[in-house]
Amino acid sequence: MSQTTLLEEVVQWSQDTCRQELTSVLPKLTSLYHKSERWEDHIRILKVITDMFLPHIGLQELEEACFSKVLPKAVEMFDTLLKEISTQVGELSSQNTELRATLRNILQAMMQIIEAMSACVRHVGSFERIPDLDTVRTLPSCILKVLRDTFQHCKESEVMYCGRLSLVSDMLQGLFKEAYSLHKGLMELLDKISLDISASEEEVSDVVTAIHSLLDICSVISDLDIALHANTWKFIIKQSVRYQSLVEEHLRHGDISNSLCDNLLASFHSCLELAEQIREAGLQKTAQSPEYKLFQKTTKMCRFFANTLIHYIKEFKSFLSKYCSRFHQLYLQITSKFPPSLGALAIPSPLSEELNVAALVPMEALLSQLLPLRPFAEVVLQLDQRFGPEFELPHCLLLASVLSQLPSQPEEVMHLWHKGSEFSEDTPRLPLFQAVLRSFQRCCVERRVPVMLPGVMMKGQAQGTVTLHHHVCVQLCASVAALPPAFFPTLELCLVEAVLQADTQTSLLASDMWCFMARYGTAELCLHHTVLIAKLLKVCGEGCHQEVHLGLLLRRLVFLVTPSHQMELVERFPPSQMENLTVWHHVLLRALSHDVRLHVESDIIGLTQQVLKDWQGGGHKLGQLDKVNGVLSLLLVVARGGSPPEEQCVLSTLKVVTQLWLRMCPLQVETHPVLQCTLRLLLSISAMLVKSIEPQVICQALVCVSALVSPKCPDELVLAALEFMASLGKIFISHESQNQALPRLSSLFGALLAETSWLLHQHALEAFAQFAEITNHEVVISQSLSEEDTKNKVVNYLSKTINGQEVVEARRERLRLETPVIEQHNEWLESNNKTVESSSAVLASTDTEEPCSKRARQETNTEEEYRHCIQTAESALKALGALTEGHANTASPRPHWLDSKLCELQMLITQIRTVQPTS
């Protein structure tokens, strides 16, 4: 019997005949199958084998008798058909009916191959016994190859058929549908197959190959079908975790994790585009609109990929170290599209909330999985890290989020982040606190806009928004509160570096942290830090930015020092010695206790008098004025003390001021900068003590200022003059002096209110408003406003009229352009100042001193709260009783409302007593 005759005969057989002749006929059919040259014959034989003989083959014989002999040839045939299409499709047209029929027949043949493979999958799944992988080894690999080629062909069909897609679209839809069904069936089959720990290398290799093949298919079907894409990924992750111990060393972890990241980003960007379309179309309120439904589907995919990535990282963490940079970039790319980032899109609130849940919330879970990984810490904390402007804020917020999560991590993880690189062989990385402060510094535009973030929820209060400074400060201080003592030395070094840098707001942030640490630490720790800052101040160059920043910090720390330690601070840095002038120049005397303040004021007055005596005795030489200016700066500290200074102190200060005013010669002041400094200090001190200064001294001061104020006058001198002029509103100038003083004062105000420099003009407006509010000399006001333009500017200022507002985008663009200039200036300041090196020496000298440990955190004690409230009420009632008894001995009557208020209090006490605690 010939082969052709055999095939024609077999087609007529019944199922029973096929079962009986299986062993003798199937080998002949497979041989005929391999020898056939026409693809039509291949398809015909393949259908006969799968439809008539496959149902009668046992599970153990499937691989050897059928799959290994038939399926590889079917894959070759499928490739041949695809190549045939690509060769002829260029000639396809509606007029070329013959070619159209040929191509449709080829597509039909491809569907029949897929149907045959589906029959194989169904037959294997029909057995009650779960098959071993060995019994179906050829099946998965062949099917996956055909599936990938099919989906690729469908994906490229629009381009491949080049406008003639309608001629075969029904066939392509059928082809995709069959492939979809086969894909689903294969995953169900593979899910039933189980490997144990004793699986052979071949079985493990087959599982790995299947996972990687499905991964390749995912890259093709991502744009074809959302459900198929998601289900394939679920299967990949499920199988990877299921056989984790067997396959983890063989999986392409980089491809899997990168593909998950790419799919997450693609879904996320699709969500953004859809949200933007919905916003522009005004459809956000139409929940049933097709656009909104598609947005919801896309957000679900976004959330799915985010959660899948997190799950994968959790299970295969140790194999993903190489890809931490990718995860870091992913975090930045997603968070940069959400507020408060300046690049965030304006998305309707409901859509924004859905997208927030789908993409932003999972980023925190992603971060918690990555925290223990050293490579991730090295990527995030690397030295001199720079990003594009759109990523600076997201990176800063990432670091702040790390701060919030670290307290719940094991000690070794905290050590990894807080200590920085410790050994030469380590990849260089910054301590976390230093990285946060540097990152905050680079968010220059965001700080100046300013961007707003959700604040901390307070009990009984609605959640508000806070600035970036506030947000980062809260996270830093909360982290400091939970910081183990071993990390405090590193923290202190980070704070010193931040305080000494040129960027003022970053220095202020570090100062906020430092004050928090001093406030919640022990009194001894607070003193230790205050002494350290005082030492650093002494080595600072005068007038440099480090002196300003350290001075502000010292000023705040002194408020936190106990009275006994304040006296110790005075003993360590006596105000009576010129070498400590830099320290006390920055201290506010109202921060000191009464006794310490008197001591300091006495020392400063004594030093001032001695320096002035030496200066006078030396013939009032200009070369000695630096010392005079130094003690005058201390005298200004006394004058600005806050509470009224002692009478003797005032008298002594006035004597010094009077002596110096009488020595001021405008011509000399204009010539010698050192005298300009003296004049500036005199003006500021006089403004504080203006009520006690003699009228002739005030006239002398106005004469001097009138002669000096000009476009060439230094700005700081003009500002001091404005401070003095504003203070003159507090006094009434005697009639004898008015003719001399008031015209000069009016002339000065008129000139300074017309100042073109915005800074001086603004201060002139403030000084004039302060003067005009309290002065009795109204003639000065009218004479100062003789010019109509000046008058209008003052009226607009007083009425808080806004002349014009900058467009938001224009302002942001201006801030972006200003940022490089500011950064360049800050770099110049830091590179041209040697304070940092001097500070290092000071810190080195204190290395042997072990700082005191911080104060233990005090938990809320309900009983203590009750006791505090009762003590307060008791004290108030005792004071009221004493007041009532005192008035009983006098003729003055008690207030008429007192009795009714006492009755209300009595009722309140009764009500509190009757309240019973809930069980």
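This structure is a prediction, so every number in the text was calculated from the model and none was measured. (Residues numbered from 1 in each chain as written. Predicted model: local features only at pLDDT ≥ 70, side-chain atom pairs only at ≥ 80, totals over all residues. Heavy atoms only, no water.)

(A) Structural detail: the packing of aromatic side chains. Inspection of every chain in the model, using the stated rule, returns 12 aromatic pairs. When the centroid spacing of 6.4 Å and the interplanar angle of 65° are considered together, the rings of Trp-13 and Phe-53 count as edge-to-face. In this pair, Trp-13 sits in the loop between helix H1 (3-10) and helix H2 (15-20) while Phe-53 sits in helix H4 (residues 39-53), placing the two residues 40 residues apart along the sequence. When the ring of Trp-233 is compared with that of Phe-305, the centres are 6.5 Å apart and the planes differ by 85°; the resulting orientation is edge-to-face. Remark: Phe-305 occurs in helix H14 (residues 290-315) and Trp-233 occurs in helix H11 (residues 226-242); sequence separation between them is 72 residues. Across the pair, Phe-305 and Trp-233 agree in class, each one buried. A cation over a ring is seen here: Arg-447 above Phe-440, with NZ or CZ 5.0 Å from the ring centre. Against the face of Tyr-520 rests Arg-519, its NZ or CZ located 5.1 Å from the ring centre. (Phe/Tyr/Trp six-rings, centres within 6.5 Å; stacked < 30°, edge-to-face > 60°. Helix = DSSP H or I, 4+ residues; strand = E, 2+ residues; numbered from the N terminus. Buried < 20%, exposed > 50% of the residue type's maximum accessible area, 1.4 Å probe, protein only. Lys NZ or Arg CZ within 6 Å of the ring centre and 35° of its normal.)

(B) Summary view of empty space enclosed by the protein. Scanning all chains against the criterion turns up 1 cavity of 30 Å³ or more. Of the voids in this model, the largest cavity is the one considered here, and its volume is about 40 Å³. As for the largest cavity, its lining consists of Leu-679, Leu-683, Val-705, Leu-708, Val-709, Cys-713, Leu-717, Val-718 and Ala-721. Of all the secondary-structure elements, those providing two or more residues to the lining of the largest cavity are helix H33 (673-688), helix H34 (695-708) and helix H35 (715-727). Here the element with the most residues in the lining of the largest cavity is H35; it accounts for 3 residues. (1 Å grid on protein atoms, 1.4 Å probe; cavity = no way out; pocket = protein on both sides within 12 Å on 5 of 7 lines; lining within 4 Å. Points joined across faces, edges and corners; volume = space filled by probe spheres on them.)

(C) Molecular detail of the pattern of salt bridges. Considering all chains together, one arrives at 32 salt bridges under this definition. Its salt-bridge partner being Glu-568, residue Arg-572 comes within 3.5 Å of it at the nearest N-O pair. Here Arg-572 pairs with Glu-568, and both are found in helix H27 (residues 563-572), just 4 residues apart, close to one helical turn. Judged by its relative accessible area of 45%, Arg-572 falls in the partly exposed class. Put simply, Glu-601 and Arg-597 hold a salt bridge, and the shortest N to O gap is 2.9 Å. One end of the pair, Glu-601, and the other, Arg-597, are both in helix H29 (residues 594-617), 4 residues apart, so they sit about a helical turn from each other. Overlapping salt bridges bring together Arg-38, Glu-40 and Asp-41 as one network. (Salt bridge = Lys/Arg side-chain N within 4 Å of Asp/Glu carboxyl O.)

(D) Region of interest: the environment of Gln-108. Take Gln-108: it is sitting in helix H6 (residues 97-125). Considered as a pair, Gln-108 and Leu-175 are 67 residues apart in the sequence and their alpha carbons are 7.9 Å apart.

(E) Representation of unusual backbone geometry in the model. A cis amide bond, omega 10°, links Pro-339 with the succeeding residue Pro-340. Within the secondary structure, Pro-340 is located in the loop between helix H15 (324-335) and helix H16 (349-370). The backbone of Asp-384 sits at a positive phi, close to 50°, despite the residue not being glycine. Structurally, Asp-384 can be placed in the loop between helix H17 (374-380) and helix H18 (389-405). With relative accessibility at 68%, the residue Asp-384 sits in the exposed group. Notably, His-620 is not glycine yet its phi reads approximately 55°, a positive angle. Within the element layout of this structure, His-620 appears in the loop between H29 and helix H30 (625-639).

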